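# Fold and geometry: a report
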Amino acid sequence: MEFKEYYKTLGVGQTASADEIKKAYRGLARKYHPDVSKETDASARMAEVNEAYAVLSDPQKRAAFDKLAQRRAAGQDFQPPPGWDAGFDFSNTGSPASDDGDFSDFFNALFGRAARAHRGSGDGGGARAQMRGGDQHARISINLADAYHGATRSLALREARLDGSGNIVNAERVLDVRIPKGVKEGQSIRLRGQGSPGFNGGPAGDLYLDVEFEPDARYRIEGRDVTQTVPVTPWEAALGASIEVPTPAGHVEVKVPAGSTNGRKLRLKGRGIPGDPAGDLYLELELSSPSATTEKEREVYRTMAREFSSFNPREQTGGQR
Amino acid sequence: MKQHAVDAVLIDEETLDLQELAFACAVPPTWVMERVEAGLLACYSSEGEMRFASAHLVRARRMVTTERRFDANQEVAALVADLIEEVEQLRRQVHAAGKRSRG
(Lines give C-alpha, C1' and ligand atoms only; values in the text may rest on other atoms or scores of the structure.)
Protein backbone atom coordinates (compact mmCIF):
# COMPACT_ATOMS: atom_id res chain seq x y z
CA MET A 1 0.00 0.00 0.00
CA GLU A 2 1.29 3.44 -0.93
CA PHE A 3 1.83 5.89 1.93
CA LYS A 4 0.02 9.15 1.21
CA GLU A 5 1.91 12.42 1.62
CA TYR A 6 -1.07 14.48 2.75
CA TYR A 7 0.92 17.62 3.55
CA LYS A 8 2.39 17.66 0.05
CA THR A 9 -1.03 17.13 -1.48
CA LEU A 10 -2.29 20.30 0.18
CA GLY A 11 1.02 22.12 -0.35
CA VAL A 12 1.56 22.92 3.32
CA GLY A 13 4.31 22.15 5.81
CA GLN A 14 3.97 19.70 8.69
CA THR A 15 3.77 22.55 11.17
CA ALA A 16 0.92 24.29 9.30
CA SER A 17 -1.83 25.67 11.51
CA ALA A 18 -5.46 24.59 11.15
CA ASP A 19 -6.20 27.91 9.43
CA GLU A 20 -3.36 27.45 6.96
CA ILE A 21 -4.59 23.95 6.14
CA LYS A 22 -8.14 25.21 5.64
CA LYS A 23 -6.93 28.07 3.43
CA ALA A 24 -4.83 25.71 1.28
CA TYR A 25 -7.74 23.28 0.99
CA ARG A 26 -10.20 25.95 -0.12
CA GLY A 27 -7.80 27.23 -2.78
CA LEU A 28 -7.38 23.73 -4.21
CA ALA A 29 -11.10 22.98 -3.90
CA ARG A 30 -11.79 25.99 -6.15
CA LYS A 31 -9.06 24.97 -8.59
CA TYR A 32 -10.17 21.37 -8.96
CA HIS A 33 -13.94 21.76 -8.54
CA PRO A 34 -15.17 19.14 -11.05
CA ASP A 35 -18.06 21.29 -12.25
CA VAL A 36 -15.92 24.25 -13.31
CA SER A 37 -12.28 23.14 -13.52
CA LYS A 38 -10.59 22.92 -16.92
CA GLU A 39 -7.93 20.54 -15.57
CA THR A 40 -8.22 17.15 -17.26
CA ASP A 41 -7.73 15.23 -14.02
CA ALA A 42 -9.84 17.54 -11.86
CA SER A 43 -12.02 14.80 -10.34
CA ALA A 44 -9.04 12.65 -9.35
CA ARG A 45 -7.14 15.61 -7.90
CA MET A 46 -10.22 16.77 -6.01
CA ALA A 47 -10.56 13.33 -4.46
CA GLU A 48 -6.89 13.45 -3.34
CA VAL A 49 -7.34 16.93 -1.90
CA ASN A 50 -10.53 15.90 -0.09
CA GLU A 51 -8.80 12.89 1.36
CA ALA A 52 -5.82 14.90 2.58
CA TYR A 53 -8.11 17.48 4.14
CA ALA A 54 -10.28 14.82 5.76
CA VAL A 55 -7.19 13.72 7.70
CA LEU A 56 -5.31 16.97 8.31
CA SER A 57 -8.37 19.01 9.29
CA ASP A 58 -9.24 16.56 12.03
CA PRO A 59 -6.96 16.83 15.11
CA GLN A 60 -7.29 13.14 16.02
CA LYS A 61 -6.63 11.86 12.53
CA ARG A 62 -3.82 14.34 11.95
CA ALA A 63 -2.06 13.34 15.15
CA ALA A 64 -2.37 9.65 14.29
CA PHE A 65 -1.14 10.31 10.76
CA ASP A 66 1.85 12.31 12.04
CA LYS A 67 2.75 9.47 14.40
CA LEU A 68 2.57 6.97 11.53
CA ALA A 69 4.66 9.22 9.27
CA GLN A 70 7.43 9.40 11.87
CA ARG A 71 7.63 5.62 12.16
CA ARG A 72 7.51 4.97 8.45
CA ALA A 73 10.58 3.61 6.67
CA ALA A 74 11.10 5.62 3.49
CA GLY A 75 10.61 3.86 0.16
CA GLN A 76 9.00 0.77 1.64
CA ASP A 77 5.57 -0.59 0.98
CA PHE A 78 3.42 0.67 3.81
CA GLN A 79 1.39 -1.44 6.21
CA PRO A 80 -0.04 0.09 9.39
CA PRO A 81 1.78 -1.46 12.37
CA PRO A 82 -0.31 -3.21 15.04
CA GLY A 83 -1.71 -0.79 17.58
CA TRP A 84 -0.82 2.26 15.51
CA ASP A 85 -4.08 3.98 16.52
CA ALA A 86 -3.83 3.31 20.27
CA GLY A 87 -5.01 6.38 22.14
CA PHE A 88 -6.91 7.91 19.21
CA ASP A 89 -10.65 8.02 18.66
CA PHE A 90 -12.00 8.55 15.13
CA SER A 91 -15.55 7.54 15.84
CA ASN A 92 -17.23 10.93 15.64
CA THR A 93 -15.06 12.74 13.16
CA GLY A 94 -16.72 13.89 10.00
CA SER A 95 -15.03 14.85 6.78
CA PRO A 96 -15.91 17.21 3.94
CA ALA A 97 -16.45 14.31 1.59
CA SER A 98 -17.49 11.19 3.38
CA ASP A 99 -17.62 8.80 0.44
CA ASP A 100 -14.97 6.28 1.44
CA GLY A 101 -15.29 4.84 -2.06
CA ASP A 102 -13.58 7.97 -3.42
CA PHE A 103 -10.64 7.66 -1.06
CA SER A 104 -7.45 5.61 -1.35
CA ASP A 105 -6.71 2.18 0.07
CA PHE A 106 -4.41 3.98 2.50
CA PHE A 107 -7.21 6.13 3.89
CA ASN A 108 -9.75 3.33 4.00
CA ALA A 109 -7.38 1.02 5.86
CA LEU A 110 -6.73 3.68 8.51
CA PHE A 111 -9.83 5.81 8.82
CA GLY A 112 -12.56 4.35 6.60
CA ARG A 113 -15.91 3.08 7.80
CA ALA A 114 -14.81 -0.53 7.54
CA ALA A 115 -11.72 0.24 9.60
CA ARG A 116 -13.80 1.97 12.28
CA ALA A 117 -16.32 -0.85 12.34
CA HIS A 118 -13.47 -3.32 12.61
CA ARG A 119 -12.15 -1.46 15.66
CA GLY A 120 -15.65 -1.44 17.12
CA SER A 121 -16.10 2.31 16.92
CA GLY A 122 -18.66 2.50 14.17
CA ASP A 123 -20.66 5.61 13.34
CA GLY A 124 -22.90 6.33 16.23
CA GLY A 125 -23.13 2.81 17.54
CA GLY A 126 -21.45 0.26 19.71
CA ALA A 127 -19.20 -2.48 18.52
CA ARG A 128 -22.13 -4.77 17.77
CA ALA A 129 -24.51 -2.20 16.37
CA GLN A 130 -25.83 -2.84 12.90
CA MET A 131 -24.87 -0.13 10.46
CA ARG A 132 -26.29 0.50 7.01
CA GLY A 133 -23.64 0.90 4.35
CA GLY A 134 -23.25 4.31 2.81
CA ASP A 135 -24.76 5.30 -0.51
CA GLN A 136 -22.21 5.54 -3.29
CA HIS A 137 -22.19 7.87 -6.27
CA ALA A 138 -20.48 7.37 -9.61
CA ARG A 139 -20.80 8.46 -13.21
CA ILE A 140 -21.63 6.26 -16.16
CA SER A 141 -21.23 7.06 -19.84
CA ILE A 142 -23.70 5.76 -22.36
CA ASN A 143 -24.37 6.51 -26.02
CA LEU A 144 -27.57 7.70 -27.61
CA ALA A 145 -28.48 4.22 -28.85
CA ASP A 146 -28.36 3.02 -25.22
CA ALA A 147 -30.83 5.74 -24.27
CA TYR A 148 -33.19 4.57 -27.04
CA HIS A 149 -32.97 0.86 -26.46
CA GLY A 150 -31.50 0.33 -22.97
CA ALA A 151 -28.14 -1.39 -22.45
CA THR A 152 -26.01 -3.41 -20.08
CA ARG A 153 -22.75 -1.79 -18.99
CA SER A 154 -19.95 -3.12 -16.79
CA LEU A 155 -18.84 -0.90 -13.96
CA ALA A 156 -15.76 -1.44 -11.77
CA LEU A 157 -16.24 -0.26 -8.19
CA ARG A 158 -13.61 -0.12 -5.46
CA GLU A 159 -14.62 -0.62 -1.88
CA ALA A 160 -13.22 -1.52 1.52
CA ARG A 161 -14.57 -4.76 2.94
CA LEU A 162 -13.90 -6.99 5.89
CA ASP A 163 -12.66 -10.42 4.82
CA GLY A 164 -13.48 -13.71 6.56
CA SER A 165 -10.68 -13.16 9.08
CA GLY A 166 -11.88 -9.70 9.94
CA ASN A 167 -9.10 -7.95 8.03
CA ILE A 168 -9.81 -4.87 5.93
CA VAL A 169 -9.27 -5.51 2.26
CA ASN A 170 -9.83 -3.24 -0.69
CA ALA A 171 -11.62 -5.16 -3.36
CA GLU A 172 -12.73 -4.33 -6.86
CA ARG A 173 -16.25 -5.33 -7.69
CA VAL A 174 -17.43 -5.52 -11.28
CA LEU A 175 -21.09 -4.85 -11.66
CA ASP A 176 -23.13 -5.38 -14.82
CA VAL A 177 -25.76 -2.69 -14.83
CA ARG A 178 -28.92 -2.94 -16.91
CA ILE A 179 -29.73 0.62 -17.90
CA PRO A 180 -33.37 1.21 -18.75
CA LYS A 181 -34.29 2.83 -22.04
CA GLY A 182 -35.42 6.42 -21.89
CA VAL A 183 -32.62 7.77 -19.73
CA LYS A 184 -31.65 11.40 -20.33
CA GLU A 185 -28.31 13.10 -19.87
CA GLY A 186 -27.90 14.39 -16.33
CA GLN A 187 -30.42 11.96 -14.87
CA SER A 188 -29.52 9.71 -11.99
CA ILE A 189 -30.26 6.02 -11.86
CA ARG A 190 -30.36 3.99 -8.70
CA LEU A 191 -29.27 0.47 -7.88
CA ARG A 192 -30.70 -0.58 -4.57
CA GLY A 193 -28.35 -2.43 -2.25
CA GLN A 194 -25.31 -1.95 -4.49
CA GLY A 195 -23.61 0.78 -2.45
CA SER A 196 -21.16 0.26 0.39
CA PRO A 197 -21.71 -2.96 2.35
CA GLY A 198 -23.35 -2.73 5.76
CA PHE A 199 -21.61 -3.75 8.98
CA ASN A 200 -22.61 -6.30 11.59
CA GLY A 201 -25.46 -7.50 9.37
CA GLY A 202 -26.70 -4.04 8.43
CA PRO A 203 -28.06 -3.54 4.91
CA ALA A 204 -25.89 -2.29 2.06
CA GLY A 205 -26.36 1.25 0.82
CA ASP A 206 -27.57 2.18 -2.64
CA LEU A 207 -25.51 3.06 -5.68
CA TYR A 208 -26.44 6.18 -7.62
CA LEU A 209 -25.12 6.65 -11.14
CA ASP A 210 -25.12 10.04 -12.83
CA VAL A 211 -25.66 9.48 -16.54
CA GLU A 212 -23.62 11.32 -19.13
CA PHE A 213 -23.73 10.81 -22.89
CA GLU A 214 -20.65 10.00 -24.93
CA PRO A 215 -20.01 12.82 -27.41
CA ASP A 216 -21.42 12.07 -30.86
CA ALA A 217 -20.98 14.69 -33.57
CA ARG A 218 -24.02 13.38 -35.43
CA TYR A 219 -26.55 14.46 -32.82
CA ARG A 220 -27.61 17.39 -30.67
CA ILE A 221 -29.64 16.44 -27.64
CA GLU A 222 -31.89 18.64 -25.50
CA GLY A 223 -33.72 16.67 -22.85
CA ARG A 224 -35.42 13.91 -24.82
CA ASP A 225 -35.41 15.84 -28.12
CA VAL A 226 -32.76 14.81 -30.62
CA THR A 227 -31.61 16.74 -33.69
CA GLN A 228 -29.59 15.18 -36.46
CA THR A 229 -28.38 16.61 -39.75
CA VAL A 230 -29.54 14.93 -42.95
CA PRO A 231 -27.71 15.65 -46.23
CA VAL A 232 -30.01 16.10 -49.24
CA THR A 233 -29.39 17.03 -52.84
CA PRO A 234 -30.61 20.40 -54.17
CA TRP A 235 -33.14 18.63 -56.39
CA GLU A 236 -34.51 16.56 -53.51
CA ALA A 237 -35.00 19.77 -51.54
CA ALA A 238 -36.44 21.73 -54.46
CA LEU A 239 -38.68 19.05 -55.95
CA GLY A 240 -39.47 17.01 -52.88
CA ALA A 241 -38.46 13.41 -52.36
CA SER A 242 -38.93 10.37 -50.26
CA ILE A 243 -35.62 9.43 -48.60
CA GLU A 244 -34.47 6.78 -46.15
CA VAL A 245 -32.64 8.10 -43.10
CA PRO A 246 -30.74 6.07 -40.49
CA THR A 247 -31.71 7.43 -37.06
CA PRO A 248 -31.13 6.26 -33.48
CA ALA A 249 -34.69 4.90 -33.64
CA GLY A 250 -33.83 2.83 -36.73
CA HIS A 251 -34.19 3.52 -40.43
CA VAL A 252 -37.13 5.76 -41.25
CA GLU A 253 -38.70 6.77 -44.56
CA VAL A 254 -39.05 10.54 -44.65
CA LYS A 255 -40.85 12.76 -47.12
CA VAL A 256 -38.87 15.90 -47.90
CA PRO A 257 -41.40 18.62 -48.83
CA ALA A 258 -40.90 20.33 -52.18
CA GLY A 259 -39.42 23.81 -51.86
CA SER A 260 -37.29 22.95 -48.79
CA THR A 261 -34.21 25.04 -48.14
CA ASN A 262 -30.99 24.43 -46.25
CA GLY A 263 -31.52 24.18 -42.48
CA ARG A 264 -35.20 23.27 -42.64
CA LYS A 265 -36.19 21.03 -39.78
CA LEU A 266 -38.53 18.10 -40.16
CA ARG A 267 -40.10 16.93 -36.92
CA LEU A 268 -40.73 13.26 -36.28
CA LYS A 269 -43.01 13.31 -33.28
CA GLY A 270 -42.24 10.78 -30.59
CA ARG A 271 -39.09 9.49 -32.34
CA GLY A 272 -36.74 11.14 -29.84
CA ILE A 273 -35.56 9.45 -26.65
CA PRO A 274 -38.36 7.19 -25.34
CA GLY A 275 -40.24 8.27 -22.24
CA ASP A 276 -43.52 9.62 -21.01
CA PRO A 277 -43.78 11.71 -23.03
CA ALA A 278 -41.23 10.59 -25.59
CA GLY A 279 -39.04 13.24 -27.15
CA ASP A 280 -39.16 14.31 -30.78
CA LEU A 281 -36.57 13.69 -33.47
CA TYR A 282 -35.69 16.67 -35.65
CA LEU A 283 -34.05 16.11 -39.02
CA GLU A 284 -32.21 19.22 -40.13
CA LEU A 285 -31.78 19.32 -43.90
CA GLU A 286 -28.32 20.13 -45.15
CA LEU A 287 -27.99 20.76 -48.86
CA SER A 288 -25.11 18.89 -50.44
CA SER A 289 -24.17 19.88 -54.00
CA PRO A 290 -22.13 17.63 -56.28
CA SER A 291 -19.05 19.00 -57.99
CA ALA A 292 -19.31 19.28 -61.76
CA THR A 293 -16.62 17.14 -63.37
CA THR A 294 -17.96 16.70 -66.90
CA GLU A 295 -18.95 19.25 -69.53
CA LYS A 296 -22.54 18.06 -69.32
CA GLU A 297 -22.61 18.60 -65.57
CA ARG A 298 -21.06 22.05 -65.90
CA GLU A 299 -23.76 22.93 -68.43
CA VAL A 300 -26.44 22.05 -65.89
CA TYR A 301 -24.86 24.53 -63.43
CA ARG A 302 -24.67 27.20 -66.19
CA THR A 303 -28.36 26.69 -66.84
CA MET A 304 -29.09 27.08 -63.12
CA ALA A 305 -27.01 30.26 -63.01
CA ARG A 306 -29.09 31.74 -65.83
CA GLU A 307 -32.42 30.59 -64.42
CA PHE A 308 -31.61 31.78 -60.86
CA SER A 309 -29.87 34.98 -61.88
CA SER A 310 -31.67 37.01 -59.21
CA PHE A 311 -30.66 34.66 -56.38
CA ASN A 312 -27.94 36.08 -54.13
CA PRO A 313 -27.12 33.95 -51.05
CA ARG A 314 -24.91 36.78 -49.69
CA GLU A 315 -27.61 39.42 -49.92
CA GLN A 316 -28.28 39.60 -46.16
CA THR A 317 -24.61 40.09 -45.36
CA GLY A 318 -24.18 42.85 -47.95
CA GLY A 319 -22.28 40.66 -50.40
CA GLN A 320 -22.42 41.38 -54.11
CA ARG A 321 -23.17 38.91 -56.84
CA MET B 1 -15.61 -10.70 -8.25
CA LYS B 2 -18.31 -10.48 -10.89
CA GLN B 3 -21.99 -10.51 -10.13
CA HIS B 4 -25.08 -11.02 -12.23
CA ALA B 5 -26.53 -7.99 -14.00
CA VAL B 6 -28.61 -5.74 -11.78
CA ASP B 7 -31.44 -3.50 -12.85
CA ALA B 8 -31.00 0.23 -12.54
CA VAL B 9 -34.08 2.36 -11.94
CA LEU B 10 -34.56 5.89 -13.17
CA ILE B 11 -34.92 8.09 -10.11
CA ASP B 12 -37.31 10.33 -12.00
CA GLU B 13 -39.75 7.44 -12.32
CA GLU B 14 -39.86 6.35 -8.69
CA THR B 15 -38.39 9.52 -7.04
CA LEU B 16 -36.80 9.61 -3.58
CA ASP B 17 -38.48 10.38 -0.28
CA LEU B 18 -37.01 12.73 2.31
CA GLN B 19 -35.08 10.04 4.19
CA GLU B 20 -33.62 8.59 0.99
CA LEU B 21 -32.47 11.95 -0.33
CA ALA B 22 -30.93 12.84 3.02
CA PHE B 23 -29.08 9.52 3.23
CA ALA B 24 -27.86 9.82 -0.36
CA CYS B 25 -26.40 13.24 0.53
CA ALA B 26 -25.06 12.07 3.93
CA VAL B 27 -27.02 14.78 5.76
CA PRO B 28 -29.83 14.65 8.32
CA PRO B 29 -33.41 15.07 7.00
CA THR B 30 -33.64 18.43 8.79
CA TRP B 31 -30.88 19.73 6.50
CA VAL B 32 -33.10 18.98 3.49
CA MET B 33 -36.28 20.34 5.09
CA GLU B 34 -34.66 23.64 6.02
CA ARG B 35 -33.53 24.23 2.45
CA VAL B 36 -36.87 23.23 0.95
CA GLU B 37 -38.71 25.56 3.33
CA ALA B 38 -36.26 28.37 2.45
CA GLY B 39 -36.98 27.83 -1.26
CA LEU B 40 -33.37 26.87 -1.99
CA LEU B 41 -34.12 23.29 -2.95
CA ALA B 42 -37.21 22.26 -4.89
CA CYS B 43 -39.22 19.07 -4.53
CA TYR B 44 -42.43 17.48 -5.74
CA SER B 45 -45.32 17.01 -3.40
CA SER B 46 -47.26 13.77 -3.48
CA GLU B 47 -50.09 13.27 -0.97
CA GLY B 48 -48.39 15.70 1.39
CA GLU B 49 -45.06 13.92 1.15
CA MET B 50 -41.92 15.47 -0.30
CA ARG B 51 -40.52 13.60 -3.31
CA PHE B 52 -37.24 14.30 -5.06
CA ALA B 53 -36.07 13.62 -8.64
CA SER B 54 -32.64 13.45 -10.31
CA ALA B 55 -32.19 17.20 -10.64
CA HIS B 56 -33.01 17.68 -6.94
CA LEU B 57 -30.48 15.02 -5.91
CA VAL B 58 -27.72 16.55 -8.03
CA ARG B 59 -28.47 20.05 -6.70
CA ALA B 60 -28.62 18.89 -3.08
CA ARG B 61 -25.26 17.14 -3.39
CA ARG B 62 -23.70 20.26 -4.88
CA MET B 63 -25.05 22.35 -2.03
CA VAL B 64 -23.76 19.90 0.59
CA THR B 65 -20.33 19.92 -1.04
CA THR B 66 -20.15 23.72 -1.16
CA GLU B 67 -21.31 24.14 2.40
CA ARG B 68 -18.79 21.61 3.68
CA ARG B 69 -15.80 22.58 1.59
CA PHE B 70 -16.07 26.30 2.02
CA ASP B 71 -18.05 26.64 5.25
CA ALA B 72 -20.63 28.40 3.06
CA ASN B 73 -24.07 29.24 4.36
CA GLN B 74 -27.07 27.72 2.63
CA GLU B 75 -27.89 30.80 0.54
CA VAL B 76 -24.37 30.99 -0.90
CA ALA B 77 -24.39 27.24 -1.56
CA ALA B 78 -27.69 27.61 -3.43
CA LEU B 79 -26.26 30.50 -5.44
CA VAL B 80 -23.24 28.38 -6.41
CA ALA B 81 -25.60 25.58 -7.47
CA ASP B 82 -27.60 28.10 -9.57
CA LEU B 83 -24.43 29.27 -11.28
CA ILE B 84 -23.20 25.74 -12.00
CA GLU B 85 -26.58 24.87 -13.53
CA GLU B 86 -26.36 28.03 -15.66
CA VAL B 87 -22.82 27.15 -16.78
CA GLU B 88 -23.99 23.66 -17.77
CA GLN B 89 -26.87 25.10 -19.78
CA LEU B 90 -24.58 27.57 -21.57
CA ARG B 91 -22.02 24.87 -22.30
CA ARG B 92 -24.71 22.76 -23.92
CA GLN B 93 -25.79 25.73 -26.05
CA VAL B 94 -22.21 26.50 -27.08
CA HIS B 95 -21.69 22.85 -27.94
CA ALA B 96 -24.86 22.78 -30.06
CA ALA B 97 -24.02 26.10 -31.75
CA GLY B 98 -20.53 24.82 -32.54
CA LYS B 99 -21.98 21.78 -34.26
CA ARG B 100 -24.38 23.92 -36.26
CA SER B 101 -21.62 26.27 -37.43
CA ARG B 102 -19.32 23.37 -38.32
CA GLY B 103 -22.17 21.41 -39.88
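Just so it is clear, the structure is predicted and the values come from calculations on it, not from any experiment.

It is worth spelling out the overall build of chain A at this point. When its secondary structure is counted, chain A shows 9 helices and 11 strands. Scored against the burial criterion, the 321 residues of chain A give a buried share of 40%. Counting contacts in chain A only where the partners sit at least 6 residues apart, residues at least 24 apart contribute 55% of the total. Split by element, the accessible area of chain A, about 17200 Å² in all, is 48% carbon and sulfur.

Looking now at a nonpolar patch on the surface. Residues Val300, Tyr301, Met304, Phe308 and Phe311 of chain A make up a contiguous nonpolar surface patch of about 510 Å² in total accessible area. Positionally, tyrosine 301 of chain A belongs in helix H9 (residues 295-307).

Turning to the domain arrangement of chain A, a few remarks are in order. Residues and elements named next belong to chain A. Each assigned domain of chain A is listed here: domain 1 (6-121), domain 2 (136-213) and domain 3 (219-315). Distance from the C-alpha centre of domain 2 to the C-alpha centre of domain 3: 42 Å. In this assembly, 10 residues from domain 2 lie in contact with 12 residues from domain 3. Note on domain 2 versus domain 3: buried area summed over both sides is about 860 Å², and carbon and sulfur give 72% of it. The tally of links from domain 2 across to domain 3 stands at 0 salt bridges. Take the side of domain 2 that touches domain 3: its biggest share by element is 4 residues, from helix H7 (residues 144-149). Across the side of domain 2 that touches domain 3, the residue classes break down as 5 nonpolar, 3 polar and 2 charged.

This next bit is on the environment of leucine 21 of chain B. Residue and element names in this part refer to chain B. Structurally, the position occupied by leucine 21 is in helix H2 (residues 18-24). For the pair formed by leucine 21 and alanine 96, sequence separation is 75 residues and the distance between their alpha carbons is 33 Å. Setting aside residues up to four positions removed in sequence, leucine 21 forms contacts with Leu16, Val32, Leu41, Phe52, Leu57 and Ala60.

Here we take up the state of the cysteines. Residues and elements named next belong to chain B. One pass over the structure, following the stated rule, counts 0 disulfides over all chains. The thiol sulfur of cysteine 25 is not disulfide-bonded, and the nearest other cysteine sulfur, from cysteine 43, lies at 13 Å. Accessibility expressed as a relative area gives 27% for cysteine 43, which makes it partly exposed.

Our next topic: the packing of helix H2 (residues 18-31) of chain A against helix H3 (residues 42-56) of chain A. Between two packed helices, what matters for the description is the angle formed by their axes and the separation of those axes. All names here are of chain A. Where H2 meets H3, the axes come as close as 10 Å, and the angle between the chain directions of the two elements is 165 degrees. Here H2 is positioned roughly antiparallel relative to H3, judged by the angle of their axes. The two elements H2 and H3 meet at a crossing, and its hand is left-handed. Contacts between H2 and H3 involve Ile21, Lys22, Tyr25, Leu28 and Ala29 from the first element and Met46, Val49, Asn50, Tyr53 and Leu56 from the second.

A word on the nonpolar core. Most often, soluble globular proteins keep nonpolar side chains buried together rather than apart. Residue and element names in this part refer to chain A. One finds Val177, Val183, Ile189, Leu191, Leu209, Val254 and Leu283 to be the most contacted residues of the largest nonpolar core, which totals 36 residues. Sort the elements by how many residues they give to this core and strand S5 (residues 207-213) lands first, with 4 residues. The residues that make up this core include at least three from each of domain 2 (136-213) and domain 3 (219-315). Ranked by size, the runner-up nonpolar core spans 29 residues in total, among them Ile21, Tyr53, Leu68 and Trp84.

Counting from both sides, the interface comprises 50 residues of chain A and, opposite them, 35 residues of chain B. Carbon and sulfur atoms make up 48% of the surface buried where chain A meets chain B, a total of about 3800 Å² over both sides. Our enumeration of links across chain A and chain B arrives at 7 salt bridges. With a closest N to O distance of 3.0 Å, lysine 22 of chain A and aspartate 71 of chain B form a salt bridge. Where chain A touches chain B, the interface holds 17 residue pairs in polar contact (both at pLDDT 80 or more). Of all the secondary-structure elements, those providing two or more residues to the side of chain A that touches chain B are H2, H3, strand S2 (151-162), strand S3 (168-179), strand S4 (188-191), S5, strand S6 (219-222) and strand S11 (281-287) of chain A. Looking at the side of chain A that touches chain B element by element, the count peaks at 7 residues for S3 of chain A. Classifying every residue of the side of chain A that touches chain B by side-chain character gives 16 nonpolar, 14 polar and 20 charged. Both S4 of chain A and strand S2 (residues 9-10) of chain B contribute to a ladder of 2 bridges, which runs antiparallel. Counted as the bridge partner of arginine 190 of chain A is valine 9 of chain B from S2 of chain B.

Between its terminal C-alpha atoms H2 of chain A stretches 20 Å, which fits the 20 Å expected from 14 residues at 1.5 Å a residue. For H2 of chain A, the complete set of buried residues consists of Ile21, Ala24, Tyr25, Leu28 and Ala29 of chain A. The arc that holds every buried residue of H2 of chain A, seen down its axis, measures 135 degrees, which confines them to one face. Summarising the geometry of H2 of chain A, the exposed residues directed more than 90 degrees from the buried face are Asp19, Lys23 and Arg30 of chain A. Buried residues along H2 of chain A sit in contact with helix H1 (6-10), H3 and helix H4 (59-71) of chain A together with helix H4 (54-70) of chain B.

A separate point is the sheet that holds S11 of chain A. All names here are of chain A. One open sheet accounts for 4 strands, arranged S6-S7-S11-S10; its pairing is mixed. The open sheet terminates on both sides in strands that have one partner only, identified here as S6 and strand S10 (265-268). Sheet twist, expressed as the average angle between the axes of neighbouring strands with direction ignored, equals 25 degrees. Here S10 runs beside S11; their pairing, made up of 4 bridges, is antiparallel. Paired with lysine 265 across the strands is glutamate 284, a residue of S11.

Attention shifts here to the confidence of the model for chain B. Residue and element names in this part refer to chain B. Averaged over every residue, the pLDDT of chain B is 89; the share at 70 or more is 92%. Least confident of the elements in chain B is helix H1 (residues 11-14), whose mean pLDDT is 84; most confident is helix H3 (residues 29-37), at 97. Confidence metrics for the complex model read pTM 0.75 and ipTM 0.85.

Reading guide: rules and limits
Residues numbered from 1 in each chain as written. Chains lettered and ligands numbered in written order. Predicted model: local features only at pLDDT ≥ 70, side-chain atom pairs only at ≥ 80, totals over all residues. Heavy atoms only, no water. Helix = DSSP H or I, 4+ residues; strand = E, 2+ residues; numbered from the N terminus. Buried < 20%, exposed > 50% of the residue type's maximum accessible area, 1.4 Å probe, protein only. Contact = heavy atoms within 4.5 Å. Areas by Shrake-Rupley, 256 points an atom, 1.4 Å probe, with all protein chains shown as cover. Patch = residues over 30% accessible without salt bridge, like charges linked within 9 Å, V, L, I, M, F, W, Y side chains within 5 Å. Salt bridge = Lys/Arg side-chain N within 4 Å of Asp/Glu carboxyl O. Domains from an automatic or database assignment. Buried area = accessible area lost by both parts, 1.4 Å probe. Nonpolar A, V, L, I, M, F, W, Y, C, P; charged D, E, K, R; others polar. Disulfide = S-S within 2.5 Å. Axes fitted to C-alpha atoms, helices over the stretch in contact; angles between N-to-C directions. Parallel < 35°, antiparallel > 145°, perpendicular 65-115°, else oblique. Left-handed = near helix turned anticlockwise from the far one by under 90°. Core = buried A, V, L, I, M, F, W, Y, C linked by side-chain atoms within 4.5 Å. Polar contact = N/O pair within 3.5 Å; in protein donor to acceptor, adjacent residues only side chain to side chain. Pairing = 2+ DSSP bridges. Expected span 1.5 Å × (residues − 1). Arc of directions from axis to C-beta. pLDDT = per-residue confidence, 0-100.

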